[in-house]
Amino acid sequence: AKDSLGDLDGLEVADVKASVTYECDKDGKVSKTTLAYSYTLAGETVEETVDMVFNSLEIPTITAPEDADEYTEMAE
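These figures come from a predicted structure and were not determined experimentally.

Conventions we followed
Residues numbered from 1 in each chain as written. Predicted model: local features only at pLDDT ≥ 70, side-chain atom pairs only at ≥ 80, totals over all residues. Heavy atoms only, no water. Helix = DSSP H or I, 4+ residues; strand = E, 2+ residues; numbered from the N terminus. Buried < 20%, exposed > 50% of the residue type's maximum accessible area, 1.4 Å probe, protein only. Pairing = 2+ DSSP bridges.

(A) How the structure looks around the side chain of T33. Relative to the helices and strands, T33 resides in strand β2 (residues 30-41). You can call T33 buried: its relative accessible area is 5%.

(B) View of the pairing of β2. In the sheet, strand β1 (residues 13-24) pairs with β2 via 10 bridges, with the strands oriented antiparallel. Within β2, the position partnered with T21 by the bridge is T34. Both β2 and strand β3 (residues 44-53) contribute to a ladder of 10 bridges, which runs antiparallel. Across the sheet, the residue bridging to K32 is V53, located in β3.

This is the structure in structure tokens:
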């Protein structure tokens, strides 16, 4: 949990707690993940929650278009 908070400019972090919750759809695939953190920083309690919703875990096949040979690179 402490590593996932990243660099906090050398500030002392204490009482770090974290949890990860997964929700599955009717097909048993992960549809939502919730990350919950709490920690004490400079005497103040900080709480953070991150929700990630997955609409699809299917990864489509990516192919070059049929006319790819007609494309040119743009100069930066």
